[in-house]
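# Fold and geometry: a report
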Amino acid sequence: MYPPSVKDYLNHRKVRFGDVTYDYYVTLGNSALQSVYQRLKDLDADRFVIVADQGLTPAAIREIEHHFREFAPTVVLAAQACEKDKSLGTIDELAERAIQSGVTRRSVVVALGGGIVGNVAGLLAGLLFRGIRLIHVPTTLLSMSDSVLSLKQAVNSRLGKNHLGVFHPPILVWSRIEFMDTLPVEEIQSALCEMIKNVLAICPERYDEIAAKLRPDGRYSAAVLADFIDLCIEAKVKVMCDDHLEKQDGLVLEYGHTIGHAAELLSEGKLRHGFAIGVGMLAAARISRLLGYLSESDEAAHAVLLERNGSPTTLPAYLDIEAIMHKVRFDNKRGYVRSRAGYCDFVLLDGLGRPHYDDKKLITSVDEDIVRAGVSHVMSQV
C-alpha cells in the first residue's frame, strides 16, 4: 500500500466548522502516536466506551482497546455495520449496555469502524446524558475522508436514511493509515466517489490533478491517500466554515445523495455507499442539464473522473425506477423549500464548483418526470 521508506507519518490539524473546533490526526507507525496519547491523557476521562465494528478482526479491536486502556478503564461494545441495524433499536441496546458498564458524563464514546458504526456511536454519544464526548477512530477511507467530517449523527427510520439524528461534534478524530492496508479495492474506489463529489461540486480547480492521480485499480501510496483525505477536509471546511449545521452552503455536500441514497437503501447493502453516490451524481448532472443549468462538457466531466476511479456509472439492473422514485420522495432534505405535489428536492449544479441556487436557496424542486428521466439515464440496460 505504501513505499517501504514511509514508516512513520503524522499530520495534525485543527478542523473548524463555525464555532466548533476539533483535532484531526492522521498517523502511520507507532512512533507517530505520542501526540495522540497526550491528547487522550488530557481528556481526563473516567471511562472509554468503544463501539466497535464487528467486521474488524479481534486483533485490530484489541489493539485500539489497548491504546485507550492506557488512560482509563475501557469497555468494548460490538455493533453491526449494516443499514438494517442503523436504527433506534440498536441505539437503545447500546445505551443500556453502556449505562450498565458504568458510563458517566465524564466518559467518552469511541466510534471504531466505518461510516455506519460512526453514525451509530455518534448518535449514542449525542443522546447519553444529553450529550457526552465523542472520538472517531475511522477504519475505512470513506469514513476518514467523509462521514467523520460531518457533525451529523443519525440512524435510519423504516422509510429512509438518516431520518433520526442530532448534530454532535467529535472532540477528536484519529485516522490510522494502517487500517487501509486490508481494505478491498472496491472500498477504496467507493470512498473516492465522495472525494470526486468534492472536486466536482466544491473545488474544481483540483480537477486535473485528481484526474491524473486516480487509478482504476484502486491502489495508492500512503502519501496519496493522505493527500486525498486532506482534500476532503479542505473541501468540507470551505463550505462548512460558516455553516456547521449544513443548512446553507454546506448542503452542496448532498450533491448526488438524493438518488444515491435511494439506490443504496434498495440494494440492501449490495451497492456500496460511494458507488451509489457516484451514480447519483451522474443522475443529478443529467437533471441539471435537462433543466438547462449544466453544460454537456461539465456533465461529461463527471463520468471521466468516475471512470478513472474504476467505479460504476450505472445502477444495477435489479433496481426498479419506481421504487427509487418512492424513496426519493422521502429524502431527508425535504422541507428546506415549500413542498409541491409531483416535485422532488435536489442539490444541482450550474457548472463545476457552482451550485444552483433557486430563490437564494441551494435546494431546487424538480418535476418528477425530469427526475425519472435522470434515473432512467443511469439505469443499467443489462
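So, a few notes on the structure that sits alongside this text. None of these values were measured; they are calculated from a predicted model.

### Some remarks on the nonpolar core
- Counting 111 residues, the largest nonpolar core has Tyr24, Phe68 and Ile135 as its most contacted members.
- Examining the composition of this core, we find that 12 residues originate from one element, helix 8 (residues 222–240), more than from any other.
- Of all hydrophobic cores here, the second largest spans 22 residues; its members include Val49, Val120, Leu124 and Ala125.

### Quick notes on the sheet that holds strand 3 (residues 48–53)
- In space, the seven strands of this open sheet follow the order 1-2-9-6-5-3-4, with mixed pairing throughout. With partners counted over all chains shown, the strands left at the sheet margins are strand 1 (9–17) and strand 4 (74–79), one partner each. Across the sheet, the axes of successive neighbouring strands diverge by a mean angle of 20 degrees, strand direction being ignored.
- The sheet strands contacting helix 3 (residues 88–100) are strand 3 and strand 4, and the helix crosses strand 4 at an angle near 165 degrees.
- Sitting on the sheet, helix 4 (residues 115–127) is in contact with strand 3, strand 4, strand 5 (108–113) and strand 6 (133–138), with an inclination near 170 degrees to strand 5.

### Quick notes on the packing of helix 6 (residues 185–201) against helix 8
- Here helix 6 crosses helix 8 at 45 degrees, and the two axes come no closer than 10 Å. Put simply, helix 6 runs oblique to helix 8. At the point where helix 6 passes helix 8, the crossing takes the left-handed sense. Counting all contacts with helix 6, which are made through Leu192, Met195, Asn198 and Val199, the residues of helix 8 involved are Phe228, Leu231, Cys232 and Ala235.
- Partitioned by chemical class, the residues of the contact of helix 6 with helix 8 number seven nonpolar, one polar and no charged.

### Description of empty space enclosed by the protein
- This model, assessed by the stated rule, comprises four cavities of 30 Å³ or more.
- Here the largest cavity is characterised by a volume of approximately 100 Å³.
- For the largest cavity, the lining is made up of 13 residues, of which Gly160, Lys161, His261, Lys327 and Asp331 are closest to its centre.
- Among the elements of the structure, helix 9 (257–266) and helix 12 (321–328) are those that each provide at least two residues to the lining of the largest cavity.
- Taken as a whole, the second largest cavity encloses approximately 40 Å³ of empty space.
- In terms of lining, the second largest cavity is formed by Gly115, Gly118, Asn119, His136, Ser147, Val148, Ser150, Lys152 and Gln153.
- Counting only elements with at least two residues in the lining of the second largest cavity, the list comes to helix 4 and strand 7 (152–155).
- No other element matches helix 4, which puts three residues into the lining of the second largest cavity.
- Class assignment of the residues belonging to the lining of the second largest cavity gives a composition of one nonpolar, seven polar and one charged.

### A closer look at the packing of aromatic side chains
- Throughout the structure, instances matching the rule amount to five aromatic pairs.
- Judged by centre distance (5.5 Å) and plane angle (70 degrees), the rings of tyrosine 37 and phenylalanine 71 are edge-to-face. Of this pair, tyrosine 37 sits in helix 1 (residues 34–42) while phenylalanine 71 sits in the loop between helix 2 (58–69) and strand 4, placing them 34 residues apart in sequence.
- The partly exposed category is assigned to phenylalanine 71, whose relative accessible area is 27%.
- Seen from their ring centres, phenylalanine 48 and phenylalanine 68 are 5.0 Å apart, and the 65 degrees between their planes marks the pair as edge-to-face. Separated by 20 residues along the polypeptide, phenylalanine 48 in strand 3 and phenylalanine 68 in helix 2 bring together distant segments of the chain.
- On the basis of relative accessible area, phenylalanine 68 is assigned to the buried category, the value being 0%.
- An aromatic cluster of three or more residues is present, and its members are Phe48, Phe68 and Trp174.
- The lysine or arginine in question, lysine 270, covers the ring of tyrosine 318, its NZ or CZ lying 5.1 Å from the ring centre.

About the cut-offs
- Residues numbered from 1 in each chain as written.
- Predicted model: local features only at pLDDT ≥ 70, side-chain atom pairs only at ≥ 80, totals over all residues.
- Heavy atoms only, no water.
- Core = buried A, V, L, I, M, F, W, Y, C linked by side-chain atoms within 4.5 Å.
- Buried < 20%, exposed > 50% of the residue type's maximum accessible area, 1.4 Å probe, protein only.
- Helix = DSSP H or I, 4+ residues; strand = E, 2+ residues; numbered from the N terminus.
- Pairing = 2+ DSSP bridges.
- Axes fitted to C-alpha atoms, helices over the stretch in contact; angles between N-to-C directions.
- Contact = heavy atoms within 4.5 Å.
- Parallel < 35°, antiparallel > 145°, perpendicular 65-115°, else oblique.
- Left-handed = near helix turned anticlockwise from the far one by under 90°.
- Nonpolar A, V, L, I, M, F, W, Y, C, P; charged D, E, K, R; others polar.
- 1 Å grid on protein atoms, 1.4 Å probe; cavity = no way out; pocket = protein on both sides within 12 Å on 5 of 7 lines; lining within 4 Å.
- Points joined across faces, edges and corners; volume = space filled by probe spheres on them.
- Phe/Tyr/Trp six-rings, centres within 6.5 Å; stacked < 30°, edge-to-face > 60°.
- Lys NZ or Arg CZ within 6 Å of the ring centre and 35° of its normal.

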